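# Survey of secondary and tertiary structure
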Amino acid sequence: MSAHAYTDDFSHPQYQDRSPYIPTHPSLSTDSHEVKASYDDLIDEYASPYAANARHQTFTVDTPIAAQHRRGPSLPQKPSKRDTFQDPTNIGYPPLPTDPEVEPAWTWRKLIPESLACRMYIVVVLVQTTIDIAIEADLFLRINAATNGSTITSKKMSTYLVLFGMAHVFQFAMAVDAVYFRNTLEFMCLTGFNTLLLAYSILQIGEVREALNNVGASGEGISNIPINVLTAIIPCVVGAAELAFILLAWKIYHEFGWKVYKFLGADRRIKKMYANYQIYECLIKFDIFFWAGFSVQFIVLVLSEADWEFYVTCAALPLSLLLLFEGHIAARYENKWMMATFMSGCVGAMIYFVYKLTKVLMYRTTDFAVIWKSLSVFSVIAIGLLLLTFIFSVITMRNFGRGLKDSLTNRTTGHNRFNSKGGGHNRAASANPNRMSID
């Protein structure tokens, strides 16, 4: 093959059709200065605007000049903390902690939950409590006005009406407590507790009507509404509230699940211990109602002032409530001695309720003929709750020293280290010079 076969012949027609910048003369100089292209045409003073080209057919674009720009001035921007300059030479190492934030003074607005579902839950409980207590008060006054509390039937019905009102007040307090402490288990327990109120309100219809008919109570009280209508309104209100509780509890469960995850983290061990702690706290709170309910019935309907057991029961009631409060403190601050004392008190209370249940069943046809059913129900529920409380107290005590107390403390105090609110990055990086921080 000849050596000049690879010689570039720019005079060939195919090169002339491709670009107008290829030289037309066939002879090329070996001088590099003549081969190098000139860049003088790229200078602005030699450049020309886009115009019609014989080969590429491009056209000049008429762009508006600055004087014809009709757009108005931009809105003024708010000054940002990130725009402030901080001299890095003034920052010492390790950096000094900044002053902690001063929390605003306590107001009643802190009791109002932020979640719409929680607000609706509180409103539903408040409406139910208001309506039912008003009706129970009307029935209570009608019975007392007719008998002046002289018969055992009137005393029994008056006590039951008072207990029903106490149950509604207790339910409202538990609802506020569940919202404030974000106890999802407590919402489920309140739904079950409201189911018991619904069953009792249905059974109460026949008992109240029979009691009022026996004592010859008139149909007038606070209101002129007939007794049959008043007793029928209560189960309707409680049933409607039960449906609302189920729907709202499902919504609140998903909301609180994310909030609990944010302050406990993804540690399954801590989450399991916190779930056991919530169950334990919920059991203690329900123990309060059933212990107090049994004691009130026993004092008012069974014992007399001439009986020595009357004064013992009156003294044991506040002591039992103090014992339950001790159980709460022991679990919250992980005090093993207080927890051991509480567990011993639970064993003693369980023996007491077993003794009372046996006595009620033995003399149900004589001394407890009128109230043995109610006392039996309260004592059985109290014994069951005590047994569960003792079991979870053991589980909670075994979790002492495993990190749950620190997690709950961080939840209470909040993560406010060096005023880290997520604003401008002008805070201290870390208090430990040997630790890298991403806060």
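### Side note on the packing of helix α4 (residues 152-181) against helix α7 (residues 268-302)
Put simply, α4 and α7 touch, their axes get as near as 10 Å, and they point 160 degrees apart. Between α4 and α7, the crossing angle belongs to the class labelled roughly antiparallel. Note on packing geometry: the crossing formed by α4 with α7 is right-handed. Contact residues: Ile152, Lys155, Lys156, Thr159, Tyr160, Leu163, Met166, Ala167, Phe170, Met174, Asp177 and Phe181 in α4; Tyr274, Lys285, Phe286, Phe289, Gly293, Gln297, Val300 and Leu301 in α7. Among the residues forming the contact of α4 with α7, the class breakdown is 13 nonpolar, three polar and four charged.

### Description of the layout of surface pockets
The rolling of a water-molecule-sized probe over the atoms marks out the regions of remaining empty space. Within this model, the second largest pocket holds a volume of roughly 650 Å³. Listed by contribution, the elements that provide at least two residues to the lining of the second largest pocket are α4, α5 (184-215), α7 and α10 (372-398). The element best represented in the lining of the second largest pocket is α5, accounting for seven residues. Tallied by class, residues from the lining of the second largest pocket come to 19 nonpolar, two polar and three charged.

### Some remarks on the packing of α7 against helix α9 (residues 336-362)
Packing of α7 against α9 brings their axes to within 13 Å, and their N-to-C directions diverge by 40 degrees. Here α7 lies oblique to α9, going by the angle between them. Crossing geometry of α7 relative to α9 is assigned as left-handed. Touching Tyr280, Ile284, Trp291, Phe294 and Phe298 of α7 are Met339, Phe342, Ala349, Tyr352, Phe353 and Lys356, all from α9. Residue composition of the contact of α7 with α9, grouped by class: ten nonpolar, no polar and one charged.

### Remarks on the pattern of salt bridges
Taken as a whole, this structure holds five salt bridges when the rule is applied. Measuring nitrogen to oxygen at the nearest pair gives 2.3 Å for the salt bridge that ties lysine 285 to aspartate 177. With lysine 285 in helix α7 and aspartate 177 in helix α4, this pair connects stretches of sequence that are 108 residues apart. Residue lysine 285 is classed as buried on the basis of its relative accessible area, which comes to 16%. Salt-bridge contacts for glutamate 309 lead to lysine 359; the nearest nitrogen and oxygen are separated by 3.9 Å.

### With respect to the packing of aromatic side chains
According to the stated counting rule, one finds 20 aromatic pairs in the structure shown. When the centroid spacing of 5.0 Å and the interplanar angle of 85 degrees are considered together, the rings of tyrosine 180 and phenylalanine 181 count as edge-to-face. Residue tyrosine 180 is classed as exposed on the basis of its relative accessible area of 54%. When the centroid spacing of 6.4 Å and the interplanar angle of 45 degrees are considered together, the rings of phenylalanine 289 and phenylalanine 378 count as tilted. Of this pair, phenylalanine 289 sits in helix α7 while phenylalanine 378 sits in helix α10, placing them 89 residues apart in sequence. Of the two residues, phenylalanine 289 and phenylalanine 378, neither departs from the other in class, the shared state being buried. Aromatic ring contacts, followed pair by pair, group Phe170, Phe193, Phe286, Phe289, Phe290 and Phe378 into a single cluster.

### Re the nonpolar core
In this structure, Tyr121 and Phe286 are the most contacted members of the largest nonpolar core, which totals 78 residues. Ranked by the residues each element gives to this core, the list is headed by α7, at 16 residues. For tyrosine 121, the residues in contact, after removing those within four places along its chain, are Ala175, Phe187, Leu190, Phe245, Leu248 and Ile252.

### Some words on the side chain of threonine 389
Its place among the elements puts threonine 389 in helix α10. Given the relative accessible area of 0%, threonine 389 is considered buried. The residues contacting threonine 389, other than those within four sequence positions of it, are Tyr280, Leu283, Ile284, Asp287, Phe342 and Cys346.

### Digging into α4
Helix length check: α4, at 30 residues, gives a terminal C-alpha distance of 42 Å against a target of 44 Å (1.5 Å per residue), a fit within 8%. Where α4 ends, the next residue or the one after it, arginine 182, has phi of about 55 degrees, a positive value.

### Points about the environment of serine 344
Structurally, the position occupied by serine 344 is in helix α9. Taking C-alpha positions, serine 344 is 10.0 Å from leucine 323, a pair spaced 21 residues apart along the chain.

### Section: the side chain of threonine 396
Along the chain, the position of threonine 396 falls in helix α10. A polar atom in the side chain of threonine 396 sits 2.7 Å from the backbone oxygen of phenylalanine 392. Among all residues touching threonine 396, those that are not within four sequence positions of it are Asn276, Tyr280 and Ala331.

About the cut-offs
Residues numbered from 1 in each chain as written. Predicted model: local features only at pLDDT ≥ 70, side-chain atom pairs only at ≥ 80, totals over all residues. Heavy atoms only, no water. Axes fitted to C-alpha atoms, helices over the stretch in contact; angles between N-to-C directions. Helix = DSSP H or I, 4+ residues; strand = E, 2+ residues; numbered from the N terminus. Parallel < 35°, antiparallel > 145°, perpendicular 65-115°, else oblique. Left-handed = near helix turned anticlockwise from the far one by under 90°. Contact = heavy atoms within 4.5 Å. Nonpolar A, V, L, I, M, F, W, Y, C, P; charged D, E, K, R; others polar. 1 Å grid on protein atoms, 1.4 Å probe; cavity = no way out; pocket = protein on both sides within 12 Å on 5 of 7 lines; lining within 4 Å. Points joined across faces, edges and corners; volume = space filled by probe spheres on them. Salt bridge = Lys/Arg side-chain N within 4 Å of Asp/Glu carboxyl O. Buried < 20%, exposed > 50% of the residue type's maximum accessible area, 1.4 Å probe, protein only. Phe/Tyr/Trp six-rings, centres within 6.5 Å; stacked < 30°, edge-to-face > 60°. Core = buried A, V, L, I, M, F, W, Y, C linked by side-chain atoms within 4.5 Å. Expected span 1.5 Å × (residues − 1). Polar contact = N/O pair within 3.5 Å; in protein donor to acceptor, adjacent residues only side chain to side chain.

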